[in-house]
Each structure stands twice: as C-alpha cells, then as structure tokens.
Amino acid sequence: NASNGSLGAVDAPINLFMSGTLNASALNGNVAVNQIAGSLKLGTVLATGDPALGRGLASLTALNDIYGDAGNRISAARVELDSMTGAVGGIAGNLNARLALTVAPGYTDDRALQSQYGLQVTAAGDIGIDIVADPLRNPLGHLLADTIVSSGGDVRLTAPGRILDNNPNQAI
C-alpha cells in the first residue's frame, strides 16, 4: 500500500509471482502490477488521485486469468485489465466460470478528459465485469468503455448506468 504515491508504473509495473490474493491501494497515485506466471486473484484494488495529473489508474496484467472471489472490487478513475492467455472475471453458466469482477470506474462528462477515465480490457478468454457506482467518482454507475476485446471468449458487461463509447478510434 502507498499512502501517497504509486505502486509500480504503467511502463514499469511491479512484477508478481504470487498464489494468494492481491489487495493494493495507492492514495494519490496508480497501481500497476504484472503477474508474471499463473493467474492473478484480486481482493480490493484502489487507486485515487486526479487523472489530469496522471493519477487514479489501476493497470493489472496477468499471464493467465484475472479474477476475484466474492467481495472483489477494483476502484480507480481508469481501469486497464490484460489477461494474455486467460479470462478476465467470469460469466455465470460458461465452462469453468468464475465470479464477475466488480469494477468501480470513474466518470466525467468532460469529453476532453474522458480518455483518462473508464475501462479497457483485453483477454484470450471470457470477460465478465459488473460495474458498480462510486459515491464520489461515479454516483450513477456509468461506464466509459474503451477497447474491450476477447480473442476467444464471450464478453458480458453490466452497469447500473449508461455504457458509453470512450474509444475515439473505434465505435461500439
């Protein structure tokens, strides 16, 4: 945990080789980790700070699945998830399904700043994510969806608010 600052950086994430649950927080900073082998199991991941100053990003990468048990939550202005050979979260009813990941992304109506908010996901398998509202950063639970791509599985996103295109180069 970082009481003021970041855990890793986007261009230099903290490399992990762990079998337990990751709980991480960066107050006024970013969380950037890379599980170099196996799956990445999440508990609570929190990154706060002003996105206009390059803060509030949770960037999580794993060789295999990125998943969490009941109570998992990723809270950040922008969340980037990349599973190179596995799934991100899960979709109930699918083979070997895990629970969906719970994500509380930030939101802004300011089009000039929207690229610093929202969700970007890449996976080889299924993507299952439930968006939840955040009383401070996103009280209505909107999702600014950037690139969300599965090369070999299904994609399921839910949100209590709107799901909006946040990719200036592609359309949903």
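Residues numbered from 1 in each chain as written. Predicted model: local features only at pLDDT ≥ 70, side-chain atom pairs only at ≥ 80, totals over all residues. Heavy atoms only, no water.

Novice: Whenever I open this one, the environment of Asn-15 confuses me. Can you help?
Specialist: On the secondary structure map, Asn-15 appears in strand β1 (residues 14-16). By relative accessible area, which is 52% here, Asn-15 ends up exposed. Along the chain, Asn-15 and Leu-136 lie 121 residues apart, while their C-alpha atoms are 31 Å from each other. Setting aside residues up to four positions removed in sequence, Asn-15 forms contacts with Asn-34 and Ile-36. Engagement of the side chain of Asn-15 in a polar contact is seen with the side chain of Asn-34, the distance being 3.0 Å. (Helix = DSSP H or I, 4+ residues; strand = E, 2+ residues; numbered from the N terminus. Buried < 20%, exposed > 50% of the residue type's maximum accessible area, 1.4 Å probe, protein only. Contact = heavy atoms within 4.5 Å. Polar contact = N/O pair within 3.5 Å; in protein donor to acceptor, adjacent residues only side chain to side chain.)

Novice: Explanation requested: unusual backbone geometry in the structure shown.
Specialist: Comment: phi is negative for the bulk of residues other than glycine, and the bulk of peptide bonds are trans. Positive phi, normally seen in glycine, also occurs at Asn-28, with a value near 65°. If you trace the backbone, Asn-28 turns up in the loop between β2 (21-26) and β3 (31-35).

Novice: Got a minute to help me understand the nonpolar core in this structure?
Specialist: Inside soluble globular proteins, nonpolar side chains tend to come together where they are buried. Membership of the largest hydrophobic core comes to 31 residues, with the highest contact counts inside it found for Ile-74, Leu-81 and Ile-129. Ranked by the residues each element gives to this core, the list is headed by strand β4 (residues 40-47), at 4 residues. In contact with Ile-129, not counting residues within four places along its chain, are Leu-81, Val-88, Ala-100, Leu-101, Val-103, Leu-119, Val-121, Arg-156, Leu-157 and Thr-158. (Core = buried A, V, L, I, M, F, W, Y, C linked by side-chain atoms within 4.5 Å.)

Novice: Just checking my understanding: could you explain the pairing of β3 for this structure?
Specialist: Put simply, side chains in a regular strand alternate between the two faces of the sheet. Taking burial as the measure, the 5 residues of β3 include 5 buried ones, the bulk of the element. The two faces of β3 match: Val-31, Val-33 and Gln-35 on one face and Ala-32 and Asn-34 on the other face are all buried. As paired elements, β1 and β3 share 3 bridges and run parallel to each other. Note on β3: the bridge partner recorded for Ile-14 is Val-33. Across 5 bridges, β3 lies against strand β5 (residues 57-62) in parallel orientation. Its bridge partner being in β5, Asn-34 is matched across the sheet by Thr-61. (Pairing = 2+ DSSP bridges.)

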